Amino acid sequence: EAGAFDAYLWLMRTFARQLEVEVRAGVRQGMGDQRWRYEGYASILHNLVSYYGQFSEPLRRAVADKRAPVEARLKEFAKLAQWSDRNYDALRQSVERSHASLSRGVRLVQELLEVPAATLLLGTLNGQEGAAEDVTAGAAADAAAAAAADATAA
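Here the structure is a predicted model, which means the values were calculated and not measured. (Residues numbered from 1 in each chain as written. Predicted model: local features only at pLDDT ≥ 70, side-chain atom pairs only at ≥ 80, totals over all residues. Heavy atoms only, no water.)

Student: How should the overall build of the protein chain be read in this particular structure?
Tutor: When helices and strands are counted, the protein chain shows 6 helices and 0 strands. For the protein chain, with 154 residues in total, the buried portion stands at 23%. Across the protein chain, contacts joining residues at least 24 apart in sequence account for 68% of those joining residues at least 6 apart. For the protein chain, the computed accessible surface area is about 11100 Å², with 57% contributed by carbon and sulfur atoms. (Helix = DSSP H or I, 4+ residues; strand = E, 2+ residues; numbered from the N terminus. Buried < 20%, exposed > 50% of the residue type's maximum accessible area, 1.4 Å probe, protein only. Contact = heavy atoms within 4.5 Å. Areas by Shrake-Rupley, 256 points an atom, 1.4 Å probe, with all protein chains shown as cover.)

Quick look at the structure:
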């Protein structure tokens with residue numbers, strides 16, 4: 001998931017540091033032969049974080065680029081929303097419309113953050129705009145086609 005990429009990197013970095021500290025301090029009793037394993041695990045995690053860390057900034061930019069139109073639309077909606085209605089029913093309808101619009105915006109951002117990081121990175125590195133939407137739309141179309149095929153087979 002693109003939204004959790006930095007959190008996963010942070011988690012791996014923290015775990016690698018914890019292993020390094022344990023090896024250096026000799027916290028584990030009877031570590032003996034396992035010391036080299038812990039050093040190896042720490043090294044592997046450190047190298048993974050170093051490698052995937054290079055994709056963090058391009059991924060962050062890609063997410064920000066995809067999220068900007070949704071945020072702009074929500075900000076524009078917030079400017080246009082009027083709460084000066086004196087009638088209870090009109091105010092209630094206005095609140096319902098506002099809630100629906102905000103829910104759509106939140107859902108779009110959540111869908112963006114759930115897109116696999118590789119999809120956004122490939123779209124960014126290849127210079128393709130809308131790669132995330134293409135993939136999610138393609139997945140939805142594939143699912144619909146599969147459901148239709150199952151329905152006709154049954």
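Next comes the rest of the account.
Student: Would you take a moment to explain the nonpolar core for this structure?
Tutor: A general trend in soluble globular proteins is that nonpolar side chains are found buried together. Judged by nonpolar contacts, Ala2, Phe5, Leu9, Phe55, Leu59, Ala62, Val63, Leu112, Val115, Ala117, Leu120 and Leu121 together constitute the single largest core of 12 residues. Contributing elements (two or more residues each) for this core: helix 1 (5–25), helix 3 (56–80) and helix 5 (117–125). Leaving out residues up to four positions away in the same chain, Ala2 has contacts with Leu59, Val63, Leu112, Leu113, Val115, Pro116, Ala117 and Leu120. Listed in part, the 6 residues of the second largest apolar core include Ala16, Tyr38, Ala42 and Leu45. (Core = buried A, V, L, I, M, F, W, Y, C linked by side-chain atoms within 4.5 Å.)

Student: Looking at this structure, I do not really get the pattern of salt bridges. What am I missing?
Tutor: In a structure, side chains of opposite charge can pair up when their charged atoms sit close to one another. Going through the model one piece at a time under the given rule, you end up with 8 salt bridges. Residues Arg60 and Asp6 are paired through a salt bridge, measuring 3.1 Å at the closest nitrogen-oxygen approach. Here Arg60, found in helix 3, pairs with Asp6, found in helix 1; they are 54 residues apart in sequence, far enough to count as distant. Exposure remark for Arg60: the relative accessible area of 42% places this residue in the partly exposed category. The class of Asp6 is partly exposed, set by a relative accessible area of 34%. Note that Arg60 is salt-bridged to Glu57, the shortest N-O span being 2.6 Å. Of this pair, Arg60 and Glu57 both sit in helix 3, 3 residues apart, which is roughly one turn of that helix. Given the relative accessible area of 37%, Glu57 is considered partly exposed. (Salt bridge = Lys/Arg side-chain N within 4 Å of Asp/Glu carboxyl O.)

Student: Would you mind showing me how to read helix 3 here?
Tutor: Residues that lie three or four places apart on an α-helix share one face, since the helix turns once every 3.6 residues. With 25 residues, helix 3 should cover 36 Å at 1.5 Å per step; its first-to-last C-alpha distance of 36 Å lies within 8% of that length. Along helix 3, the sharpest kink reaches roughly 35°, centred on Arg67 and followed within four residues by the proline Pro69. Looking only at helix 3, the buried set comprises Ser56, Pro58, Leu59, Ala62, Val63, Lys66 and Val70. (Expected span 1.5 Å × (residues − 1). Bend = angle between axes of the 7 residues up to and from the residue.)

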